[in-house]
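# Coordinate analysis (summary)
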Amino acid sequence: MTIAPSRDSGSPTGSAAAETAAGRSGAAYDRADWASSFRNVLGELDQVPLVAARGTIPPDLAGSLYRNGPGRLERGGHWLHHPFDGDGMITALRFEAGQAVLTNRYVRTEGWLEEEAAGRFLYRGVFGSQKPGGLLANAFDLRMKNIANTHVVRLGDQLLALWEASSPHALDPDTLETRGLTLLDGVLGKGEAFSAHPRFDPGHHGEPRMVTFGVKAGPRSTIRVMEFAASGPRAGQLLAERHDSVAGFAFLHDFAITPRYAVFLQNAVAFNPIPFVVGLKGAAQCLASKPGEQGHFLIVPRPGAGDSSAEPAAPIVVPAPEGFVFHHLNAFEDAATGELVVDSIFYDDFPSIGPGVDFRSVDFDTLPAGRLVRTRLNLEHRTATSTVLEERCCEFAMVNPERQGLDARYGWTAVAECERGNAPLQAIEKLDLHTSERRVWSAAPRGFVSEPVMVPRPATQTSAAPSEDDGWVLVLVWNGARSASDLVILNAADLSEQAVLELPLAIPYGLHGSWAALG
Ligand code: CO
């Protein structure tokens, strides 16, 4: 079923211009509205109280929503080639007793501080942004700026701003002040890659854990899987780790976990560093699909998950269906069939923006659309079979965090307004993974959504086990009508709108975020 978008005043609803565009191109959105999110955030706000423009903030929503994303896309009139090259800016929305306050801060990375002082870009970007001065200024400049812009998670008494090619930055969880680069009490080497996609094991092995990885990529690649205590006095302490060397250039952005396994999909991509070295392209633009070659799943037994006296078993390699994957929804071990099940967002090809294309004028019709695909892996026979769970263009999906690694019934994902083809993400879908029933809340035509964050309702001592979809979905929406961002609180079960907070901030499209419950 579909829930019609709200038409109340103040909501990101249609205008004559948007309707004209829709009539002309069949699109549900106005390109100017979509592109208006690409801008700089120049101010930093500190604990600014928010009021709901509509609805009420649920009184039992208690904790902080943290979001990360590029906040600086231009300096001195010079625009980045790709928004993913923008400096990380953290937004925190703290909820308690029906009230909310907003704080936002740039991560004080070394590069951000230098460029603030200089008033211009001094570094090249991984996604192809060049510093001013043309080819000569960029050739053979391989210095990378750790832009800390991809994800933000709470670990113990600190927030970690993550960027997968290098070390995390530690921040104060309340003030968002940058404490500095952290090597996590010596766990990491200086500059060691540390994924921006940790997974939180809710307690399959006792205490909750943060499971994550780092990749040292090359002709052979090394994957380091690390498991940290995620709560209590040991929070942040490394509990277990393992290293595995695998064939080929491993571009691994995300992974999934089950109680026994860390599951990676190694896409069939090649890396040709020459255009990067000579200054023609960014490092990420030197990735290309290898036509005719197949990607594969790497199933790594989790360290510290079983009998610690046993030698760690080698990773299991299973050929993957064709396509390219950045993100997974979830994975689980199916007790009935013995299969390992992985839900991932597949693209037909590696989507990239070439050196000559401005990201603000990108043609969605020429880019592949993401589809949610379920792959069943038979680890004994090393075979995979896949089925499409959702044809509608989607990205950024999650299950109830308590169901991470288990056969979750529900997934929440950002989807396009149109049911076929590629388009900006404008709606949130709740998908019943057992029955395929769908519900959609839409911000179209003038609203554009970010990654949904599902927050379970806090358990009370008197209530029975809560339903898996009992809670809320928090979504940052770019409101083209207001040229600013809204925070929309949806009921996770039926996607009804609980509250809309019109933020005093215009936040460019971001990447990932997380929820940290109070206490
Ligand atoms: Co990601």
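Above this text you will find the structure in question.
Given the structure is predicted, the values throughout are model-derived calculations rather than measurements.

A count of helical and extended segments in the protein gives 5 helices and 35 strands. The proportion of buried residues among the 519 residues of the protein is 55%. Expressed as a percentage of contacts within the protein between residues at least 6 apart in sequence, the contacts between residues at least 24 apart total 61%. Just so you have it, the protein exposes about 20900 Å², and 53% of that area is on carbon and sulfur atoms.

This part covers the coordination of the cobalt ion. Coordination of the cobalt ion by the protein is provided by His197 (NE2), His253 (NE2), His327 (NE2) and His512 (NE2), with metal-donor distances spanning 2.0 to 2.1 Å. Between the 4 donor atoms coordinating the cobalt ion, the angles at the centre fall across 92 to 159°, so the site counts as irregular.

Glancing now at the side chain of Asn68. You can see Asn68 is positioned in strand β3 (residues 63-72). In terms of polar contacts, Asn68 uses its side chain to reach the backbone carbonyl oxygen of His151, at 3.1 Å.

When you tally the buried positions in strand β8 (residues 151-155), you get 4 out of 5 residues, the bulk of the element. Pairing between β8 and strand β9 (residues 158-162): 5 bridges, direction antiparallel. Bridge pairing in β9 places Arg154 opposite Leu159. Connecting β8 to the antiparallel partner β9 that follows it, the hairpin turn spans 2 residues, and Gly156 within it adopts a positive phi of roughly 65°.

What follows deals with the sheet that holds strand β11 (residues 178-181). Here we have 4 strands laid out as an open sheet, ordered β8-β9-β10-β11, and antiparallel in their pairing. Lying at the two open borders of the sheet, with one neighbouring strand each, are β8 and β11. For this sheet, the mean angle separating the axes of adjacent strands, direction not counted, is 25°. As defined by bridge partners, β9 adjoins strand β10 (residues 169-171) across 3 bridges and the pair is classed as antiparallel. The partner of Leu160 across the bridge, within β10, is Ala170.

Whenever strands of a sheet pair, they do so through backbone hydrogen bonds, lying parallel or antiparallel. Within the open sheet, the 4 strands sit side by side as β22-β23-β24-β25. Their pairing is antiparallel. Two strands bound the open sheet, and with one partner strand each, they are β22 (324-333) and β25 (383-390). The sheet shows a mean angle of 25° between the axes of neighbouring strands, direction not considered. Strand direction decides the pairing type here: strand β24 (residues 371-378) and β25, joined by 7 bridges, are antiparallel. Counterpart to Arg374 in the pairing with β25 is Thr387.

Here Glu207 lies in the loop between β12 (199-201) and β13 (209-216). Taking relative accessible area as the criterion, Glu207 reaches 24% and is therefore assigned partly exposed. As for Glu207 and Gly232, which are separated by 25 residues in sequence, their C-alpha atoms are 8.5 Å apart. Side chain to side chain, Glu207 and Arg234 meet in a polar contact 2.5 Å long.

Enumeration over the complete set of coordinates arrives at 5 cavities of 30 Å³ or more. What the largest cavity holds in volume is close to 130 Å³. Forming the boundary of the largest cavity are 17 residues, of which Leu476, Ile507, Pro508, Tyr509 and Gly510 lie nearest the centre. Secondary structure elements with two or more residues in the lining of the largest cavity: β3, β6 (87-96), β30 (447-449) and β32 (471-479). Taken together, the residues of the lining of the largest cavity break down into 9 nonpolar, 7 polar and 1 charged.

Locating Tyr66 in the fold gives a position in strand β3. Judged by its relative accessible area of 1%, Tyr66 is buried. Here the side chain of Tyr66 touches Pro173 through a polar contact of 2.8 Å, landing on its backbone oxygen.

With that out of the way, let us pick up the nonpolar core. Counting 24 residues, the largest nonpolar core has Leu93, Phe95, Leu474, Leu487, Ile489, Leu501 and Leu503 as the members making the most contacts within it. Mapped by element, the contributors of at least two residues to this core are β6, β7 (99-106), β31 (453-456), β32, β33 (484-491) and β34 (497-502). Look past the residues within four positions of Phe95 in its chain and what remains in contact with it is Ile57, Leu61, Ala62, Gly63, Leu65, Ala100, Leu474, Leu487, Ile489, Leu501 and Trp515. Membership of the second largest hydrophobic core comes to 19 residues, among which are Leu329, Ile345, Leu389 and Val399.

Quick look at the side chain of Glu74 now. Structurally, Glu74 is set in strand β4 (residues 74-75). Reaching out from Glu74, the side chain makes a polar contact with the backbone nitrogen of Gly77 at a distance of 2.6 Å. When neighbours within four sequence positions are excluded, Glu74 is seen to be in contact with Asn40, Trp79 and Phe121.

Remark: the centre distance and the inter-plane angle together describe each pair of aromatic rings, the angle taken between the planes. Enumeration according to the criterion identifies 18 aromatic pairs in this entry. On the basis of an interplanar angle of 85° and a centroid distance of 5.0 Å, the ring pair of Phe213 and Phe264 is categorised as edge-to-face. Highlighted residues: Phe213 in strand β13 and Phe264 in strand β17 (residues 261-266), separated in sequence by 51 residues. With a relative accessible area of 0%, Phe264 lands in the buried category. Judged by centre distance (5.0 Å) and plane angle (70°), the ring pair of Phe324 and Phe326 falls under edge-to-face. As far as the burial class goes, Phe324 and Phe326 line up, both buried. Linked through ring pairs, Tyr29, Trp34, Phe38, Phe364, Phe448 and Tyr509 together constitute an aromatic cluster. A cation over an aromatic ring shows up here: Lys430 above the ring of Tyr410, its NZ or CZ 4.1 Å from the ring centre.

Rules behind the numbers
Residues numbered from 1 in each chain as written. Predicted model: local features only at pLDDT ≥ 70, side-chain atom pairs only at ≥ 80, totals over all residues. Heavy atoms only, no water. Helix = DSSP H or I, 4+ residues; strand = E, 2+ residues; numbered from the N terminus. Buried < 20%, exposed > 50% of the residue type's maximum accessible area, 1.4 Å probe, protein only. Contact = heavy atoms within 4.5 Å. Areas by Shrake-Rupley, 256 points an atom, 1.4 Å probe, with all protein chains shown as cover. Donors = N, O, S within 2.8 Å, 3.2 Å for Na, K, Ca; no water. Tetrahedral: all angles 85-135°; square planar, octahedral: opposite > 155°, others 65-115°. Polar contact = N/O pair within 3.5 Å; in protein donor to acceptor, adjacent residues only side chain to side chain. Pairing = 2+ DSSP bridges. Axes fitted to C-alpha atoms, helices over the stretch in contact; angles between N-to-C directions. 1 Å grid on protein atoms, 1.4 Å probe; cavity = no way out; pocket = protein on both sides within 12 Å on 5 of 7 lines; lining within 4 Å. Points joined across faces, edges and corners; volume = space filled by probe spheres on them. Nonpolar A, V, L, I, M, F, W, Y, C, P; charged D, E, K, R; others polar. Core = buried A, V, L, I, M, F, W, Y, C linked by side-chain atoms within 4.5 Å. Phe/Tyr/Trp six-rings, centres within 6.5 Å; stacked < 30°, edge-to-face > 60°. Lys NZ or Arg CZ within 6 Å of the ring centre and 35° of its normal.

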